[in-house]
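# Summary of structural features
This is what each chain is made of:
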Amino acid sequence: MTVTTAPSARTAPAALAGTLPEAAVLAVLRAALAEDAPYGDITSQTLIPAHARATAVLAARVPGVLSGGDVFAAAMKLTDPDAAVELLVADGASFTAGTVLARVTGNARAVLLAERVALNLVQRMSAIATRTAEFVALVDGTGARITDTRKTTPGLRVLERYAVRCGGGANHRFSLSDAVLAKDNHLAVLTGGDPERLTGVLRAAKAQLGHTTHFEVEVDRMEQIEPVLAAGVDTIMLDNFSLAGLAAGVALVGGRARVEASGNVNLSTAAAIAATGVDVISVGALTHSVTALDLGLDVELDVEPEAEPAVETGPEPAAVAQAAG
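Computed from a predicted structure; not experimentally measured. (Residues numbered from 1 in each chain as written. Predicted model: local features only at pLDDT ≥ 70, side-chain atom pairs only at ≥ 80, totals over all residues. Heavy atoms only, no water.)

Moving on: helix α9 (residues 243-253). For α9, the full list of buried residues reads Gly 245, Leu 246, Gly 249, Val 250 and Val 253. Buried residues of α9 fall within an arc of 135° about the axis and therefore sit on the same side. For α9, exposure combined with an orientation more than 90 degrees from the buried face picks out Ala 244 and Ala 251. The inward-facing, buried residues of α9 contact α8 (225-229), β10 (235-239), β11 (258-262) and α10 (270-274). Positioned one or two residues after α9, Gly 254 has a phi angle of 55°, which is positive. (Buried < 20%, exposed > 50% of the residue type's maximum accessible area, 1.4 Å probe, protein only. Helix = DSSP H or I, 4+ residues; strand = E, 2+ residues; numbered from the N terminus. Arc of directions from axis to C-beta. Contact = heavy atoms within 4.5 Å.)

Below, the structure written as structure tokens:
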């Protein structure tokens, strides 16, 4: 497959370059194509001549921020290795309604086979990027970073976290294996409900970690802050604190740890939360409740093939087998 970027397309931010692992993208696409067409696309196999070619455009029906251009291209590659894909807008760039984002020319059956999988993913990724950009704009100039959470779609985390970066946000820990984040349930088990044990149990836990492992602790009451800080943690999460409580917590921490705000974060509260002086604002809504952005794949040109045998409806095409495999 040929993938090109038009000279007029805005260059993707340097921070995005190389941050979407190809192997992970292909794994998602192969699983999605196998789910969507386990035995081939019988509609296209019945109606569309095998050698027909089509040119189609990915167009925006609403404004937004793009994420998933390479995913769109890779979906087309899996169903037609010889397809030509032109990416006209870079990931991380904003666009207006009516903008043509990409153009693909290839085997007509293959384009139709990849259409729904490619659209589902680029619509969801662009919705996440667009929503993230809205939050980032609200906290601009405050020093607070907008981050995602683990409230992602199972199997799509690598794509959804990349989409957050396309919107200008940052990523929290990728998985349970990446960093220690002691939450209220962990602390209840550790201390048996005795707050005086908090510092000791956290110090003992921290002593088991390598020096590069990040240690974060969630608190939901002001009186927990000092005992947690005494254990030498890296980040303290103030969970569901009021605005006054967040400001008081930031003052109490006094730079001894990074301060994260979590809970009750939405577009109407983000700016006020950032103004309290917190370093990080984690927002589950970036990924768990977005609505797919309205993008469409519209056939621009059908190229009729030369004379060919009668349309077959038999075994799964090789392209489908390759995509699913």
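Once the structure has been displayed, the description carries forward.
Okay, the environment of Phe 95 next. Tracing the backbone through its elements, the reader meets Phe 95 in strand β5 (residues 94-95). Classification of Phe 95 as buried rests on a relative accessible area of 6%. As a C-alpha pair, Phe 95 and Pro 63 span 32 residues in sequence and 5.5 Å in three-dimensional space. Ignoring any residue separated from it by four or fewer positions in sequence, one finds Phe 95 in contact with Ala 60, Val 62, Pro 63, Gly 64, Val 65, Leu 66, Leu 101, Leu 293 and Leu 295.

Our focus in this paragraph is the packing of helix α4 (residues 108-138) against helix α5 (residues 157-166). The contact between α4 and α5 brings their axes to 7 Å, and the two run at 40°. Between α4 and α5, the crossing angle belongs to the class labelled oblique. α5 is crossed by α4, and the crossing has right-handed handedness. In contact with Leu 121, Arg 124, Met 125, Ile 128, Ala 129 and Thr 132 of α4, α5 contributes Leu 159, Glu 160, Tyr 162, Ala 163, Val 164 and Cys 166. When grouped by side-chain class, the residues that make up the contact of α4 with α5 number 9 nonpolar, 1 polar and 2 charged. (Axes fitted to C-alpha atoms, helices over the stretch in contact; angles between N-to-C directions. Parallel < 35°, antiparallel > 145°, perpendicular 65-115°, else oblique. Left-handed = near helix turned anticlockwise from the far one by under 90°. Nonpolar A, V, L, I, M, F, W, Y, C, P; charged D, E, K, R; others polar.)

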